[in-house]
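An overview of the molecular structure
Residue strings, one per chain:
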Amino acid sequence: MRHTLSVLVEDKPGVLTRIAGLFGRRAFNIDSLTVAGTERPGYSRMTIVTRGDRHVMEQIEKQLYKQINVLKVSNLTSAPAVERELVLIKVQADGQSRAAVTQIVNIFRARIVDVAPRSLVVEVTGDREKIEAILSMLRPFGIKEVVRSGPVAVSRGHGSLAMPDETPSPQAPSLDDRDVPAAGDVAAESSFAGMK
Amino acid sequence: MTLSGAAYVVKFLREQGVEVVFGYPGGSILEIFDAMAADGIRFVLTRHEQGAVFAADGYARATGKVGVCMATSGPGATNLITGLACAHMDSVPIVAITGQVYSHLLGTDAFQEADTFGITMPVTKHNFLVRGAGELPSVLRQAFHIAGTGRRGPVLVDIPRDAAQGVVRSEKADLDLPGYRPTEEGHPLQLRRAAEALVGAHKPVIWAGGGVVAAGAAAELRALAEALGAPVMTSLMGLGVMPADHPLNLGMVGMHGTPWANWAVHRCDLLFAAGVRFDDRATGKLERFAPDAQLVHIDIDPAEIGKLLKAVVPVVADLGTALPAVRALVVQILNGNQRLIGRSGTGPAADAGTTAGAEPGAASEAAAAADHSRKEWLASIAAFRAGSRWPPITHAGPGMHPGEVMLALARASEGKATLVADVGQNQMWAAQLYPVHAPRRFLTSGGLGTMGYALPAAIGAQMGTPDEQIIVIAGDGGLQMTSPELATIAEHRLPIKIFLINNGHLGMVRQWQELFFKERYMAVKIAGPDFVKLAGAYGLTGMRVDSVKDLDATIASALSTPGPVLVDCVVQPTANVFPIVPPGKGVDQMIDKAE
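Residues numbered from 1 in each chain as written. Chains lettered and ligands numbered in written order. Predicted model: local features only at pLDDT ≥ 70, side-chain atom pairs only at ≥ 80, totals over all residues. Heavy atoms only, no water.

Right, let's talk about the domain arrangement of chain A for a bit. Residue and element names in this part refer to chain A. In terms of domain boundaries, chain A breaks down into domain 1 (2-79) and domain 2 (82-152). The C-alpha-based centres of domain 1 and domain 2 are spaced at 29 Å. Listed by partner, the interface residues are six residues for domain 1 and six residues for domain 2. Counting each side, the surface lost to burial between domain 1 and domain 2 is near 490 Å², with a carbon and sulfur contribution of 51%. Two residues, E83 and R2, come together in a salt bridge whose shortest N-O distance is 2.8 Å. Remark: the boundary between domain 1 and domain 2 carries two residue pairs in polar contact (both at pLDDT 80 or more). Taken together, the elements giving at least two residues each to the side of domain 1 that touches domain 2 come down to β1 (2-10), β2 (32-37) and β3 (43-51). Looking at side-chain class alone, the side of domain 1 that touches domain 2 contains one nonpolar, four polar and one charged residues. (Domains from an automatic or database assignment. Contact = heavy atoms within 4.5 Å. Buried area = accessible area lost by both parts, 1.4 Å probe. Salt bridge = Lys/Arg side-chain N within 4 Å of Asp/Glu carboxyl O. Polar contact = N/O pair within 3.5 Å; in protein donor to acceptor, adjacent residues only side chain to side chain. Helix = DSSP H or I, 4+ residues; strand = E, 2+ residues; numbered from the N terminus. Nonpolar A, V, L, I, M, F, W, Y, C, P; charged D, E, K, R; others polar.)

Here we come to the sheet that holds strand β14 (residues 313-316) of chain B. Residues and elements named next belong to chain B. Spatially, the six strands line up as an open sheet ordered β11-β10-β9-β12-β13-β14, and their pairing is parallel. Of all strands in the sheet, those bounded by a partner on one side alone are β11 (249-252) and β14. Neighbour-to-neighbour, the strand axes of the sheet open up by a mean angle of 15°, direction not taken into account. Here three bridges tie strand β10 (residues 232-234) to β11, and the two strands are oriented parallel to one another. Each residue of the ladder has a partner; that of M233, found in β11, is G251. (Pairing = 2+ DSSP bridges. Axes fitted to C-alpha atoms, helices over the stretch in contact; angles between N-to-C directions.)

What follows is about the state of the cysteines. Residues and elements named next belong to chain B. What the rule picks out here adds up to zero disulfides over all chains. Note on C69: no disulfide assigned, nearest cysteine sulfur contributed by C86 at a separation of 12 Å. Residue C69 is classed as buried on the basis of its relative accessible area, which comes to 0%. (Disulfide = S-S within 2.5 Å. Buried < 20%, exposed > 50% of the residue type's maximum accessible area, 1.4 Å probe, protein only.)

In this description, a pair of aromatic rings is defined by centroid distance and the angle of the planes. Residue and element names in this part refer to chain B. Per the counting criterion, the structure on display carries 13 aromatic pairs over all chains. Between W263 and W377, the aromatic rings sit 6.2 Å apart at their centres with planes inclined by 20°, giving stacked as the arrangement. Note that W263 is positioned in helix α12 (residues 259-267) and W377 in helix α16 (residues 358-386), a separation of 114 residues in sequence. Using a relative accessible area of 16% as the deciding quantity, one classes W263 as buried. (Phe/Tyr/Trp six-rings, centres within 6.5 Å; stacked < 30°, edge-to-face > 60°.)

So, on to the sheet that holds strand β18 (residues 497-502) of chain B. Residues and elements named next belong to chain B. Taken together, the six strands give an open sheet; going across it, the order is β16-β15-β17-β18-β20-β19, and neighbouring strands pair in parallel fashion. Each edge of the open sheet carries a strand with a single partner, namely β16 (442-444) and β19 (541-545). The sheet shows a mean angle of 20° between the axes of neighbouring strands, direction not considered. Where β18 and strand β20 (residues 565-570) come together, six bridges link them in parallel fashion. Bridged to N502 within β20 is V570.

On the chain B side, the residues contacting the 21 residues of chain A number 21 residues. Taking both sides of the interface into account, the surface hidden between chain A and chain B amounts to around 1600 Å²; carbon and sulfur atoms contribute 54%. Taken as a group, R18(A), K62(A) and I68(A) account for 38% of the area that chain A buries against chain B, more than any other trio of residues on that side. One can count one salt bridge joining chain A with chain B. Contributing elements (two or more residues each) for the side of chain A that touches chain B: α1 (15-25), α2 (54-66) and β4 (70-75) of chain A.

Below is the structure:
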């Protein structure tokens with residue numbers, strides 16, 4: 001089963017190598033891994049999309065925790081969470097097909113960020129279903145290149161990865177427009193008290 | 001007063017109480033060696049960096065303290081890798097300090113540059129690349145803390161030359177490790193469940209491993225076993241947790257374990273695993289390992305629990321706190337049961353009339369039944385043991401069997417020596433037949449199985465425990481891997497007694513080729529020097545023995561000779577270690593060729 005892990009780490013040299021090396025050495029799968037800074041200097045957050053049964057996921061989380069530089073591991077798969085990926089799609093579009101492509105882009109609330117005589121670059125942000133949907137719609141026109149950021153994710157509700165989880169908002173995501181914040185809010189507080 | 005980075009390193013080692021540093025110099029670590037010269041700290045020059053890390057390992061295993069080794073950049077650092085991996089597998093606390101090229105040369109393929117930080121990452125508990133002298137106080141403090149706490153392990157600190165040359169302005173050492181907080185106290189509820197499981201078990205087996213040794217909890221484990229009357233088996237790393245001749249000690253489990261430990265673990269209804277990691281050499285085929293047992297697993301490393309077998313009662317804790325807690329609960333429950341039994345009588349018929357109601361009656365009945373069953377369980381193990389062939393010496397032609405050397409050594413040293421065993425057949429015969437009576441008395445490379453370990457590890461063990469008799473057991477293959485350390489032993493006049501089990505073969509590989517590769521032998525005959533002459537050339541006393549009738553006299557002579565001695569024990573070239581659990585089989589499928 002697919003799992004999205006959010007991992008809070010100290011921003012120290014080699015920490016990405018440690019995590020990537022751990023997955024490689026123990027034959028854990030990585031679908032995607034993104035890493036960047038957080039609201040607090042000196043800490044980074046990784047979003048790792050991986051696959052495994054319960055036993056494997058338990059091992060992955062425990063082995064991550066065992067790393068000295070890892071502070072907190074959250075599995076966002078079963079918790080209410082917002083997951084987004086940024087994708088740049090270079091699609092073939094000449095005078096004849098440009099209008100059709102543009103129409104699809106508009107329907108998906110995507111954006112055209114570059115135009116050339118025979119192609120367009122489309123920027124789209126969304127969850128997995130939305131990304132797969134627009135890709136399948138654009139495929140018939142001829143996709144020349146796809147660049148994906150890999151998903152990032154955050155839990156819904158007040159609780160944050162830096163704090164012991166509070167009761168997350170039970171609000172289900174709206175199906176037709178997931179870009180709208182779910183009622184219950186997105187203002188996660190960044191307190192590092194009680195880490196791990 | 002401001003210190004250079006190098007001077008700070010040495011000052012810090014002094015403050016940590018480091019008694020001895022093992023290592024080898026080179027260009028990128030010259031400043032630190034210069035600082036050691038000024039300080040006068042005890043330094044042991046080994047003949048290879050691998051010898052230095054093994055010596056630090058032997059020191060750490062013998063004393064329980066953090067061992068320290070040093071090497072230069074590039075080849076010096078890469079020569080440490082095997083020893084670091086060995087210490088990592090067996091959770092041995094080591095701090096390795098390596099020199100590194102100047103920071104501005106990093107990544108330029110400079111002379112003697114290697115990516116030490118990257119290369120050692122998977123074989124250390126943690127590692128550091130120091131970026132400037134100012135980081136040294138915090139990094140060194142963190143390194144020693146990480147190595148010597150929680151699940152112990154090796155930590156490497158890579159120090160570029162400019163950091164060693166730079167100035168340490170503030171010696172304030174920050175132990176800011178927000179992601180490192182080993183659990184020490186077990187969860188009270190889980191500890192109670194563990195105790196209840198033990199008391200309720202009819203056929204319990206306690207399994208003690210290296211974690212018990214690391215926690216200094218051998219006496220506590222023994223007390224727990226005695227309180228309950230439960231048998232104890234050990235892993236290779238746990239040898240010595242129970243005195244070898246203790247009536248509850250079943251010896252070692254696993255591929256070359258005792259038949260009765262394997263018999264018992266296959267039949268137990270409760271396995272109480274303390275500080276073990278279910279290595280495949282111990283468990284054999286997992287499906288046949290304790291198949292009917294509930295598993296209680298106590299370990300300080302959460303990742304070990306549930307890694308290979310699912311525990312019904314998982315407990316994350318330092319065994320030093322968990323075992324006394326479990327024992328206290330066990331005693332409490334047993335005493336409560338005794339009172340119940342006393343109140344309600346021992347037979348089911350007595351229950352009906354008790355005023356305490358049905359529940360205590362049922363409890364007392366269950367407690368009495370479990371107590372009775374445990375005694376029967378011990379008796380049945382003893383009966384099986386009585387029918388087992390032991391000692392398992394299977395002669396393969398004329399001459400001495402290696403097992404006879406172990407038995408003679410046990411007689412001569414009264415089981416009081418510290419054995420440092422290499423890897424292979426010699427290691428298994430030593431583990432089977434030398435009686436280890438206390439923890440930290442049997443030092444060997446268990447997880448990684450590193451040939452060449454014993455000789456240099458003995459150097460560290462002897463320096464850490466100067467009053468102990470250190471005995472090296474090594475084969476002629478392993479000894480030749482690190483034999484230059486004979487020079488180190490001779491230089492320091494270390495009274496180590498080396499017993500070379502010389503069969504002219506890489507015996508364990510030869511045994512596997514015989515048993516599992518249709519006797520098609522490849523690369524297992526190994527020539528060697530005249531080891532008595534080799535000993536003499538290095539300045540050791542050399543002796544040779546090739547018959548059982550001379551064995552006791554030769555060993556007595558070796559043990560009473562001052563200084564280092566190497567005894568070349570010429571043994572049967574094709575003797576095999578029996579009994580054996582064949583690879584892929586269960587522990588209940590042990591075979592003994594002599595049967």
